[in-house]
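# Structural overview for review
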Amino acid sequence: MGTQATKGLQTSIWNNNIKSFVLLSLYPFILAGVVFAVLWAIGYFGTYSAQQNSGHALNFAIGTLYDYWPTILGVTGAWFIIAYFFQGRMIRALSHSHPVTRKEEPELYNLVENMCIASGTSMPRLEIIESRSRNAFASGIDSKSFSITVTRGLLQSLSRDELEGVLAHELTHILNRDVRLMMVCVIFTGMFGFAAQLLWSNVRYNLW
């Protein structure tokens with residue numbers, strides 16, 4: 001029988017870190033590819049002669065991309081800086097959550113604090129979404145920005161033991177650092193998707 005390599009917790013953490021680095025490294029090329037596709041479409045549909053469409057579109061896309069590649073790199077760098085320092089505010093704007101303190105939500109705060117003490121980790125920021133739906137998620141990229149967000153519906157519908165299980169699950173994402181990979185996918189490399197989702201979230205929130 002062949003031996004199967006074991007995969008421990010630390011291996012999973014390393015894999016998540018590698019995936020995060022690869023995604024960040026490829027992002028300028030992904031952005032350039034999106035811009036190239038848009039430029040090609042502009043060149044193709046903007047040409048009146050059908051026989052010249054394909055060649056004109058390709059030359060137009062390559063020439064424009066070559067002229068503006070420093071701008072693309074600049075936009076990428078600016079987005080990374082903004083995402084790094086303001087990713088918490090972005091998530092808050094997207095989910096319509098608000099931070100809470102021990103005084104405001106003592107039971108929630110005590111549950112998370114007890115688990116943090118038991119696991120030897122720093123206390124994450126706690127936030128609540130005023131929604132009747134039942135949901136929870138962890139976010140953040142380091143100990144200063146880690147947070148756990150829950151909905152009001154979750155707090156009101158679950159027992160203490162059930163709520164503790166949900167919170168322990170979210171805290172595990174923070175302990176294992178896989179929440180960092182999620183943040184890289186959603187915020188750092190998700191510029192277009194995040195912008196569209198933020199717009200739709202605000203429209204839906206204002207309508208309903």
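The following paragraphs examine the structure supplied in this document. Here the structure is a predicted model, which is why all the values come from computation and not from measurement. (Residues numbered from 1 in each chain as written. Predicted model: local features only at pLDDT ≥ 70, side-chain atom pairs only at ≥ 80, totals over all residues. Heavy atoms only, no water.)

### Quick word on helix α5 (residues 160–175)
Over its 16 residues, α5 extends 22 Å from the first C-alpha to the last, a length consistent with the 22 Å expected when each residue adds 1.5 Å. For α5, every residue scored as buried is listed here: Leu163, Leu167, Glu170, Leu171 and Ile174. In an axial view of α5, the angular spread of the buried residues amounts to 105°, which keeps them on one side of the axis. (Helix = DSSP H or I, 4+ residues; strand = E, 2+ residues; numbered from the N terminus. Expected span 1.5 Å × (residues − 1). Buried < 20%, exposed > 50% of the residue type's maximum accessible area, 1.4 Å probe, protein only. Arc of directions from axis to C-beta.)

### A closer look at the sheet that holds strand β3 (residues 136–139)
The strand order across the open sheet built from four strands is β1-β2-β4-β3, with neighbouring strands paired in mixed fashion. This sheet does not close on itself; its edge strands, each paired only once, are β1 (97–99) and β3. In this sheet, neighbouring strand axes are inclined to one another by 25° on average, regardless of whether the strands run parallel or antiparallel. Note that β3 and strand β4 (residues 147–151) share four bridges and pair antiparallel. When the sheet's bridge partners are listed, Ala136 is paired in β4 with Val150. Across the sheet, helix α3 (residues 106–119) is in contact with β2 (125–129) and β4; its angle to β2 comes to roughly 140°. (Pairing = 2+ DSSP bridges. Axes fitted to C-alpha atoms, helices over the stretch in contact; angles between N-to-C directions. Contact = heavy atoms within 4.5 Å.)

### Re the pairing of β4
With five of five residues buried, β4 is to be regarded as a mostly interior element. Pairing of β2 with β4 involves five bridges; the strand directions are parallel. Paired with Ile128 across the strands is Val150, a residue of β4.

### Description of the pattern of salt bridges
For the coordinates displayed, the defined rule picks out six salt bridges. The residue Arg102 makes a salt bridge to Glu113 at a minimum N-O spacing of 2.8 Å. Of this pair, Arg102 sits in the loop between β1 and α3 while Glu113 sits in helix α3, placing them eleven residues apart in sequence. For Arg102, a relative accessible area of 38% corresponds to the partly exposed category. Across the salt bridge formed by Glu107 and Arg160, the nearest N and O atoms sit 3.7 Å from each other. Of the two residues, Glu107 sits in helix α3 while Arg160 sits in helix α5, which places them 53 residues apart along the sequence. On the basis of relative accessible area, Glu107 is assigned to the partly exposed category, the value being 42%. When salt bridges that share partners are traced, they join Arg92, Arg125 and Glu127 into one network. (Salt bridge = Lys/Arg side-chain N within 4 Å of Asp/Glu carboxyl O.)

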